[in-house]
Amino acid sequence: MRDQVLWRKEGRIVKLLSDRLEIDTERALGIFYNSRTYTLLSNPDSGLQLQSDNYILTDLLRELEI
């Protein structure tokens, strides 16, 4: 169950990233899955999974310096 919830959260974040950067979803997936933010999100000990989608997006954008 936990994996499904995280998978949906990741999908929402990728969609937000795609919309924000005005890029296609495939490119947004590549950016997201190669980011430090994704690594942290994949680790339940980081606590990032408990944050809102917009908070995580902001963290990702800061990482990308956009």
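That block above? That's the structure.
Quick look at the structure, then. (Residues numbered from 1 in each chain as written. Predicted model: local features only at pLDDT ≥ 70, side-chain atom pairs only at ≥ 80, totals over all residues. Heavy atoms only, no water.)

### Thoughts on helix 4 (residues 53-64)
For helix 4, with 12 residues, the first-to-last C-alpha span of 16 Å sits near the 16 Å given by 1.5 Å per residue. All of the buried residues along helix 4 are Asp-53, Ile-56, Leu-57, Asp-59, Leu-60 and Leu-61. Looking at the buried side of helix 4, the elements it contacts are helix 1 (2-21), helix 2 (25-33) and helix 3 (36-42). Among the residues trailing helix 4, Glu-65 stands out with phi positive, at a value near 60 degrees. (Helix = DSSP H or I, 4+ residues; strand = E, 2+ residues; numbered from the N terminus. Expected span 1.5 Å × (residues − 1). Buried < 20%, exposed > 50% of the residue type's maximum accessible area, 1.4 Å probe, protein only. Contact = heavy atoms within 4.5 Å.)

### Comments concerning the pattern of salt bridges
Tallied over the entire structure, the rule returns four salt bridges. One salt bridge in this structure joins Lys-9 and Asp-53, with 2.9 Å as the shortest N-O distance. Taken together, the residues Lys-9 in helix 1 and Asp-53 in helix 4 connect sequence positions 44 residues apart. For the pair Lys-9 and Asp-53, a shared accessibility class is recorded, and that class is buried. Here Asp-19 ties to Lys-15 by a salt bridge, and the two come within 2.8 Å at their closest N and O atoms. Within this pair, Asp-19 and its partner Lys-15 are both found in helix 1, separated by four residues, close to a single helical turn. Classification of Asp-19 by relative accessible area gives partly exposed; the value is 45%. (Salt bridge = Lys/Arg side-chain N within 4 Å of Asp/Glu carboxyl O.)

### Thoughts on the packing of helix 1 against helix 2
At a minimum axis separation of 9 Å, helix 1 and helix 2 run at an interaxial angle of 115 degrees. Between helix 1 and helix 2 the crossing geometry is right-handed. The segment helix 1 lies against helix 2, with Glu-10, Ile-13, Val-14, Leu-17, Ser-18 and Leu-21 engaging Thr-25, Ala-28, Leu-29, Ile-31, Phe-32 and Tyr-33. Looking at side-chain class alone, the contact of helix 1 with helix 2 contains nine nonpolar, two polar and one charged residues. (Axes fitted to C-alpha atoms, helices over the stretch in contact; angles between N-to-C directions. Left-handed = near helix turned anticlockwise from the far one by under 90°. Nonpolar A, V, L, I, M, F, W, Y, C, P; charged D, E, K, R; others polar.)

### Things to note about helix 1
Taking 1.5 Å per residue, 20 residues should reach 28 Å; helix 1 reaches 29 Å between its end C-alpha atoms and fits that length. For helix 1, every residue scored as buried is listed here: Leu-6, Lys-9, Glu-10, Ile-13, Val-14, Leu-17 and Ser-18. Buried residues belonging to helix 1 abut helix 2, helix 3 and helix 4. A positive phi of about 55 degrees marks Glu-22, the residue just after helix 1.

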